[in-house]
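The residues making up each chain are set out below.
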Amino acid sequence: MKPISIALAWLAALLAIAFLTPLPIPYYQDFSVLYFSDKALLSGIPLYDYPAQLEWVRALTRPDFEFHPYPYPPWYALATLPIALMPMAAAARVWFLLNLTMIGAAAWLLTPHWRAPLRLFGILAAAMFIPAFGLLIVGQYSAPVLLGIALFLWAARRESPWGLAAGLGLMTFKPHIGLFLALAGFGWLVLRRREAFARRAILSTGLLAAFLAAVGLLADVRWPLTYLDSLLRYREIPGVQSCGLCASLSVGLVRLVTGQPDTGQAAILSIFLGLGLLGLFTWRFRSKLAESHLLMSLAVVFTLLVDPYLLNYDYILLLAPLGIVSGQVRSLTGRAALLAAYLLP
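Predicted, not measured: the structure shown is a model, and the values here were computed from it.

## Some thoughts on the overall build of the protein
Secondary structure assignment for the protein yields 18 helices and zero strands. Dimensions of the protein along its principal axes, counting C-alpha atoms only, are 60 × 55 × 40 Å. Expressed as a percentage of its 345 residues, the buried residues of the protein come to 47%. A separation threshold of at least 6 residues defines the contact pool for the protein, and within that pool the share at least 24 residues apart is 68%. For the protein, the exposed area adds up to about 17500 Å²; of that, 70% sits on carbon and sulfur atoms. Across the protein, the centroid of the 24 positively charged side chains sits 16 Å from that of the 15 negatively charged ones.

Written as structure tokens, this is what we have:
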């Protein structure tokens, strides 16, 4: 069966499950921002016109409904637009199943040397990883970034230009955790630019970037400016400025010293953490940065140690280095350490 046929059959199965199976998926948590932003967009409200969105959403729901500005690039909203055509409960189930699919696909791509039964077990283990489980329940948005890492590494092994470009594109869906990953991936292509596949991948990435920028105009004709304004509005949310739920190293250190989880102070600390890590990684691994698996693993570690605004579900990115290392560990001690790394969260 061709991949397109498989994808269509799987999508039909997801829709059937979403509409016919009463999965108790909560839909008034993080998922609601995606759903109502898309639904407002279908009603003609630009994606980053927050005042108009808020008025429209509260008229549709209730006057005190808590609705945040949309903090992601316009192509994320456009890619998920069909979800807004469904009733909210069914849409939440579809989004749950799509996230589960992306996590499963990432696990499959990250374990190419495993036997098929073990790869199926790997998919189950990925879905049950504590950050992944949390992401699935609240309807979060980090899964495309994980899939982007896995697709990039899969395409790097096969020297597939469009696969590499698509992987980089998926990393942009949630920029604050995908930015360093995308920069590392593009930097890897630049390092390999003497090879034909890398040059084609750089060209493909440029074409994809131009396409995403152009298609974003369908969501908001002024999106390069209004998106920035939306991010500034998002920073004004009390739970973002003082992030008691943040699980980042810099916020943890600031909380330890000042007693307050202030993301502004944490961002300053993150700059110094980032410079130190960049120097350490360059010194320690400079001769090996042409290895895509090592570079992407280091980029994941860098992101999770430096980014000040991380919540527990963002640590789903750890599945990438765990998957990479699992294919290289052979000793019993190494496998025990890997199992501990999986279970400790």
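## Some details on the state of the cysteines
Taken as a whole, this structure holds one disulfide when the rule is applied. A sulfur-sulfur distance of 2.1 Å marks the disulfide that ties C243 to C246. Since a negative S-S torsion denotes a left-handed disulfide, the C243-C246 link at about 90° is right-handed. On the accessibility criterion, C243 (2% relative accessible area) is buried. The buried category is assigned to C246, whose relative accessible area is 6%.

## Examining the environment of A182
With respect to the element layout, A182 can be found in helix 10 (residues 175-191). The exposure class of A182 is buried, given its relative accessible area of 16%. When the C-alpha atoms of A182 and L97 are compared, they prove to be 26 Å apart, with 85 residues separating the residues in sequence. Apart from the residues lying within four places of it in its own chain, the contact partners of A182 are L168 and M171.

## Focus: the packing of helix 10 against helix 16 (residues 292-306)
Pairs of packed helices are described in terms of their axes, by the angle between the two and the distance that separates them. Interhelical geometry of helix 10 versus helix 16 gives an angle of 155° and a closest axis separation of 9 Å. Considered as vectors, helix 10 and helix 16 are oriented roughly antiparallel to each other. In the crossing of helix 10 with helix 16, the sense of the turn from one axis to the other is right-handed. Between helix 10 and helix 16, the residues in contact are I177, F180, L181, A184, G185 and W188 and S292, L295, M296, A299, V300, F302 and T303, respectively.

## Things to note about the pattern of salt bridges
Evaluation of the coordinates by the stated rule reveals four salt bridges. Among the salt bridges present, the one from R62 reaches D64, with a minimum N-O distance of 3.1 Å. R192 is the salt-bridge partner of E195, the closest N and O atoms lying 2.4 Å from each other.

## Here's the deal with the nonpolar core
Counting 94 residues, the largest nonpolar core has F31, Y70, I103, I149, L164, L181 and L317 as its most contacted members. Take this core: its biggest share by element is 13 residues, from helix 5 (residues 88-110). If near-sequence neighbours (up to four positions away) are discounted, L181 is found in contact with V145, I149, M171, M296, A299, V300, T303 and L317.

## Points about the packing of aromatic side chains
A full pass over the atoms with the stated rule returns 22 aromatic pairs. Three or more aromatic residues joined by ring pairs make a cluster, and in this case those are Y48, Y70, Y72, Y76, W95, Y141, F173 and Y227. Its end group placed over the ring of W108, R119 keeps NZ or CZ at 3.8 Å from the ring centre.

## Here's the deal with helix 7 (residues 130-138)
Side chains three or four residues apart in an α-helix point the same way, a direct result of the helix having 3.6 residues per turn. Turning to helix 7, its buried residues are P131, A132, L135, L136 and V138. Against helix 2 (31-42), helix 5, helix 6 (116-128) and helix 8 (143-158) lie the buried residues of helix 7. After helix 7 finishes, the residue G139 shows a positive phi value of roughly 75°.

## Side note on the side chain of S326
Here S326 shows up in helix 17 (residues 319-326). In this structure S326 comes out as buried when scored by relative accessible area, which is 15%. For S326, the side chain forms a polar contact with the main-chain oxygen of G323, separated by 2.6 Å. If we ignore the near neighbours within four places in the chain, the residues touching S326 are T111, W114 and L338.

## Topic: the packing of helix 9 (residues 161-171) against helix 10
Packing of helix 9 against helix 10 brings their axes to within 8 Å, and their N-to-C directions diverge by 160°. Of the possible angle classes, the one that applies to helix 9 and helix 10 is roughly antiparallel. Along this stretch, helix 9 crosses helix 10, giving a crossing that reads as left-handed. Here L164, L168 and M171 of helix 9 come into contact with helix 10, specifically with G178, L181, A182, G185, F186, W188 and L189.

Reading the values: rules and limits
Residues numbered from 1 in each chain as written. Predicted model: local features only at pLDDT ≥ 70, side-chain atom pairs only at ≥ 80, totals over all residues. Heavy atoms only, no water. Helix = DSSP H or I, 4+ residues; strand = E, 2+ residues; numbered from the N terminus. Buried < 20%, exposed > 50% of the residue type's maximum accessible area, 1.4 Å probe, protein only. Contact = heavy atoms within 4.5 Å. Areas by Shrake-Rupley, 256 points an atom, 1.4 Å probe, with all protein chains shown as cover. Lys, Arg positive; Asp, Glu negative; His and termini not counted. Charge placed at Lys NZ, Arg CZ, Asp CG, Glu CD. Disulfide = S-S within 2.5 Å. Axes fitted to C-alpha atoms, helices over the stretch in contact; angles between N-to-C directions. Parallel < 35°, antiparallel > 145°, perpendicular 65-115°, else oblique. Left-handed = near helix turned anticlockwise from the far one by under 90°. Salt bridge = Lys/Arg side-chain N within 4 Å of Asp/Glu carboxyl O. Core = buried A, V, L, I, M, F, W, Y, C linked by side-chain atoms within 4.5 Å. Phe/Tyr/Trp six-rings, centres within 6.5 Å; stacked < 30°, edge-to-face > 60°. Lys NZ or Arg CZ within 6 Å of the ring centre and 35° of its normal. Polar contact = N/O pair within 3.5 Å; in protein donor to acceptor, adjacent residues only side chain to side chain.

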